[in-house]
Amino acid sequence: MVATGADALGWRLWLLMVAVHWAAGARPCSPKYFGRNAMVCVCNATYCDTLDPVALPAPGTYVKYESSKAGKRLERSEGSFQRSAVTPGLLLTVNVSTLYQRVKGFGGSLSDAAALNILGLSPPAQDKLLQSYFSEGGIEYNLIRLPMACSDFSTHPYSYNDVADDYELKHFKLAEEDVKMKIPLLHRASAMSKRPLSLYGSPWTAPAWLRSNGDVRGKGALKGQAGDKYHKTWANYFIKFLDEYAKHNVTFWAVTVQNEPLAALLSPSQFPTIVFTAEQQRDFVVQDLGPALARSSHRTQLIILDDQSTHLPHWAKVVLGNATAAGYIAGIGVHWYLDSIVPPRCSLEATHELFPHHFLLYTEACSGFLTRRFSVSLGCWDRGQRYSHSILTVLNHFVSGWTDWNLALDMKGGPNWIKNYADSPVIVDSSKDIFYKQPMFYHMGHFSKFIPEGSQRVGLQQSRRCLFCQLEHVAVLRPDGALVLVVLNRSAWHVPFGIQDPAVGFIEAVAPANSIQTYLWHQQ
C-alpha cells in the first residue's frame, strides 16, 4: 500500500516532532484512531514506541507513569514529596510493616496463533514486537504460557503422538509449530530480556487413542481411571514434552494439569479439552502425574485447576485436602472469565486462607471472546481498564501474578480453527507489516514493568471510601527496596487524592478520568 502525499507529509512532520525523544532513548506512541478515544500505537519495521529502563528516583522524589483514555501511554513525569499533607479527604497511606503475598510476575501466552502472527511480520518488525513485550525498552514480561500441542488458537487440531496404542510414546515428536516457530521465538525473547523468563505449559487435549471420544477434538475424558495404562501414558506425555523442549535448551518453571477441565464444557462443540472433576484430577496427580514429575530430571512445578474462580475453594479442598496430592502441587491456576459471579473474598481469599502455602496465579484472560462481531475492538480503552481492574482486584486477594492469553492476534482475532476469535493487546496486520499496541498492552505494562518477580504486596490504608469514583489501588515493595503504587480511576471525572509514606512524606495527586498511574519511589 502506497501512502498518499498528505500521509507522507504528515508522517515526516511527526518524525521531526519526536526526534528529541529519540535522543533521550524513549520513543513516544505513533497514534492512530479507530473512533473517538479509540487509540492504538502503530509500530512497523522502522519505528515503535519505547520506554527508558526503570531508574529509581533520588531520595525524596518520585516518578509517575500515566496512561489515559485521553491519549497518554505510560507518560513519565517526576515530582517531590512534601513534608505535610495538603490534600482532599482521600489519602492513601503505605504501610511496609504489613506484608502479604510475593509476586511471581506478569505475562502472556505464546500460542500457535501468536507465533504465526509474530512471524508473519518482517524480521525487523518481529524484533520490535518482541522488544515491546520483553526488553527494558518495553513492558518486561517475565511469564510465558505455552499450550502443549494444539489449542483452539491453532490452525488445526493435533497432538504430539498420533500413533495408536503407543503406550511407550516411542513416536512422540514435537510439532513444526514448536520447532520452527515457538522455540526460536522463545530464544529471541529470552535474549532480549534482562529478567529471567518463567515458562509454564498447559495441555488442551491428548492423542485421540487416549481419549474417551476417540478424537483429539471436542469434549472427552481420558480412558480408564487413575493409575491405569492410559493415565500413566498421559503422565509420561508431560515428561516427554519437557524432555524434548530441554533438548532445545528450553526449560519450564511449571505445568498445569489441564486447561479448563470443566469450563470448556460450555465452549463450542469442537473445543479441545480433557474433562476432569476435582476428584479425578486429585487421583491423577497422586497416582500418575505427581510421581512421574518427581522421578524425572525436571524441577518443574505443578499447578492445578487452570479454570474459573467459581470452582474455588471447592476444587482446592478436594485436591489439596489430600496430603499426598498437596505435596506434589505448588499452586492453583485461575481464569478470569466468570469472576463476576463469585466475590473474590469468597473464592480467592478463602482459598488462600485454607492453603496459604500454595500460590494463586491467574493463568488466562482475554476480551472479545464469544462476541462474533467485535472480537477485535481496536483502541478500546474499556478492555484495557478491565485488565487493570482484574489485576488490582486479584492482587488485593492474594494472587501472585496474572497471565494474558494470546501475545498477538490478527485483525479478525485469530487464527482459531473453531473460529473462537478474541482480542489481544497486540493486533498484527501482516499485509501492511505493522502491528497495533492496544490500551490492554499499556495497562499490562503499568504492572509488569514496575513490579518484578519477588516483589511483595504491602499494606495500603484508605482514609475514607471513595463514594463517587472508582479509584482502585495496590502497593508493592520491590526486591530493590523501592515502592510501587498503582492507581486506577475508572470514573468519568478527575479524582484528587494524596499518597502518604510515613518514611518519606506526602504526594498531592490527581487521578484523571479514565486513567491508570504507576508511582515509584525509594524510601530513605
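Conventions and cut-offs
- Residues numbered from 1 in each chain as written.
- Predicted model: local features only at pLDDT ≥ 70, side-chain atom pairs only at ≥ 80, totals over all residues.
- Heavy atoms only, no water.
- Helix = DSSP H or I, 4+ residues; strand = E, 2+ residues; numbered from the N terminus.
- Rg over C-alpha atoms; globule rule 2.2 N^0.38 Å.
- Buried < 20%, exposed > 50% of the residue type's maximum accessible area, 1.4 Å probe, protein only.
- Areas by Shrake-Rupley, 256 points an atom, 1.4 Å probe, with all protein chains shown as cover.
- Lys, Arg positive; Asp, Glu negative; His and termini not counted.
- Charge placed at Lys NZ, Arg CZ, Asp CG, Glu CD.
- Pairing = 2+ DSSP bridges.
- Axes fitted to C-alpha atoms, helices over the stretch in contact; angles between N-to-C directions.
- Contact = heavy atoms within 4.5 Å.
- Core = buried A, V, L, I, M, F, W, Y, C linked by side-chain atoms within 4.5 Å.
- pLDDT = per-residue confidence, 0-100.
- Salt bridge = Lys/Arg side-chain N within 4 Å of Asp/Glu carboxyl O.
- Expected span 1.5 Å × (residues − 1).
- Disulfide = S-S within 2.5 Å.
- Parallel < 35°, antiparallel > 145°, perpendicular 65-115°, else oblique.
- Left-handed = near helix turned anticlockwise from the far one by under 90°.

### As for the overall build of the chain
Piece 1. Each helix and strand in the chain was counted, giving 11 helices and 24 strands.
Piece 2. In summary, the chain has a C-alpha radius of gyration of 23 Å against a globular reference of 24 Å for 524 residues, a match within 12%.
Piece 3. Expressed as a percentage of its 524 residues, the buried residues of the chain come to 59%.
Piece 4. Per element, the accessible surface of the chain, about 20,400 Å² overall, is 54% carbon and sulfur.
Piece 5. Between the averaged position of the 48 positive side-chain charges in the chain and that of its 43 negative side-chain charges there is a distance of 3 Å.

### Looking at the sheet that holds strand β21 (residues 482-489)
Piece 1. What the nine strands build is an open sheet, ordered β4-β3-β24-β21-β20-β19-β5-β22-β23; its pairing is mixed. Two strands in the sheet have a free side with no partner beyond their single neighbour: β4 (75-80) and β23 (505-511). Between one strand axis and the next, the sheet turns by 30° as a mean value, whatever way the strands run.

### Looking at the sheet that holds strand β2 (residues 39-43)
Piece 1. Taken in spatial order, the five strands make up an open sheet running β1-β2-β18-β17-β16, and their pairing is mixed. Each edge of the open sheet is held by one strand with a lone partner, namely β1 (31-33) and β16 (409-410).
Piece 2. Pairing geometry for β2 and strand β18 (residues 434-437), over three bridges, is antiparallel. Its bridge partner lying in β18, V42 is registered against Y436.
Piece 3. Strands β2, β17 (426-429) and β18 of the sheet are contacted by helix α11 (residues 439-448), whose axis makes an angle of about 55° with β18.

### Here we look at the nonpolar core
Piece 1. In terms of nonpolar packing, the biggest core is built from 134 residues, with L110 and W402 touching the most fellow members.
Piece 2. Looking at which element gives the most residues to this core, the answer is helix α5 (residues 229-247), with nine residues.
Piece 3. Setting aside chain neighbours within four positions, we find W402 in contact with G105, F106, G107, W336, L361, Y362, A365, Y387, S390, I391, V394 and M444.
Piece 4. With 20 residues, the next largest nonpolar core counts L90, L483, L485 and V487 among its residues.

### Describing unusual backbone geometry
Piece 1. Cis geometry is adopted by the peptide bond preceding P313, which originates at L312 and carries an omega value of 5°.
Piece 2. Examined against the element boundaries, P313 turns out to sit in the loop between β12 (301-308) and α7 (314-320).
Piece 3. Residue G414 is joined to P415 through a cis peptide bond whose omega torsion reads 5°.
Piece 4. Of note in the backbone geometry, E140 takes a positive phi value of approximately 55° without being a glycine.
Piece 5. If you trace the backbone, E140 turns up in the loop between α3 (123-134) and β7 (143-148).
Piece 6. Looking at E140, the relative accessible area reads 6%, which means it is buried.

### Concerning the confidence of the model for the chain
Piece 1. The predicted model of the chain has a mean per-residue pLDDT of 94, with 94% of residues at 70 or higher.
Piece 2. At the low end of the mean pLDDT range in the chain sits helix α1 (residues 5-24), at 41; at the high end sits strand β10 (residues 254-256), at 99.
Piece 3. For residues 1-24, every residue scores under 50 in pLDDT, and the model assigns this stretch 17 contacts once sequence neighbours within four places are set aside.

### Focus on the environment of L56
Piece 1. Assignment of secondary structure puts L56 in the loop between β2 and β3 (61-68).
Piece 2. Note: C-alpha distance between L56 and Q385 (329 residues apart in sequence) is 27 Å.
Piece 3. Those residues within four positions of L56 in sequence are excluded, and the remaining contacts are R478, D480, A482, L520 and H522.

### A look at the side chain of D429
Piece 1. In this fold, D429 is placed in strand β17.
Piece 2. Buried charge without a partner: D429 forms no salt bridge, and the closest opposite charge is K432, 4.1 Å away.
Piece 3. Contacts of D429, omitting those with residues within four sequence positions, involve M411 and I434.

### Regarding helix α10 (residues 381-395)
Piece 1. Between its first and last C-alpha, α10 extends 21 Å over 15 residues, near the 21 Å set by a 1.5 Å rise per residue.
Piece 2. The buried fraction of α10 is high, at 11 of 15 residues.

### Things to note about the pattern of salt bridges
Piece 1. Tallied over the entire structure, the rule returns 24 salt bridges.
Piece 2. Notably, a salt bridge pairs E66 with K72, separated by 3.3 Å at the nearest N-O pair.
Piece 3. Close ionic contact of D215 with R217 constitutes a salt bridge, the shortest N to O distance being 2.8 Å.
Piece 4. By relative accessible area, R217 is classed as partly exposed at 35%.
Piece 5. A single salt-bridge network, built from bridges that share partners, covers K64, E66, K72 and E75.

### Description of the state of the cysteines
Piece 1. Within this structure, the stated rule accounts for two disulfides.
Piece 2. In this model, C29 is linked to C41 through a disulfide, with the two sulfur atoms separated by 2.1 Å. Residues C29 and C41 share a disulfide whose torsion about the S-S bond is about -110°; that sign makes it left-handed. Residue C29 is found in the loop between α1 and β1, and its partner C41 is found in strand β2; the two are separated by 12 residues along the sequence.
Piece 3. Note on C29: relative accessible area 17%, which makes it buried.
Piece 4. C43 shares a disulfide with C48; S-S distance 2.1 Å. An S-S torsion of about 60° defines the bridge between C43 and C48 as right-handed. Taken as a pair, C43 and C48 share a single burial class, namely buried.
Piece 5. This cysteine, C366, is not joined by any disulfide, and C380 carries the nearest cysteine sulfur, 13 Å off.
Piece 6. C366 gets classed as buried once you look at its relative accessible area, which sits at 3%.

### A few points about the packing of α3 against helix α4 (residues 176-192)
Piece 1. Two numbers describe how α3 lies on α4: the axes approach to 9 Å, and their chain directions differ by 60°. As judged from the angle between their axes, α3 and α4 are oblique. Our pair here, α3 against α4, has a crossing hand that is right-handed. Where α3 abuts α4, its residues P123, Q126, D127, L130, Q131 and F134 lie against L185, R188, A189 and M192.

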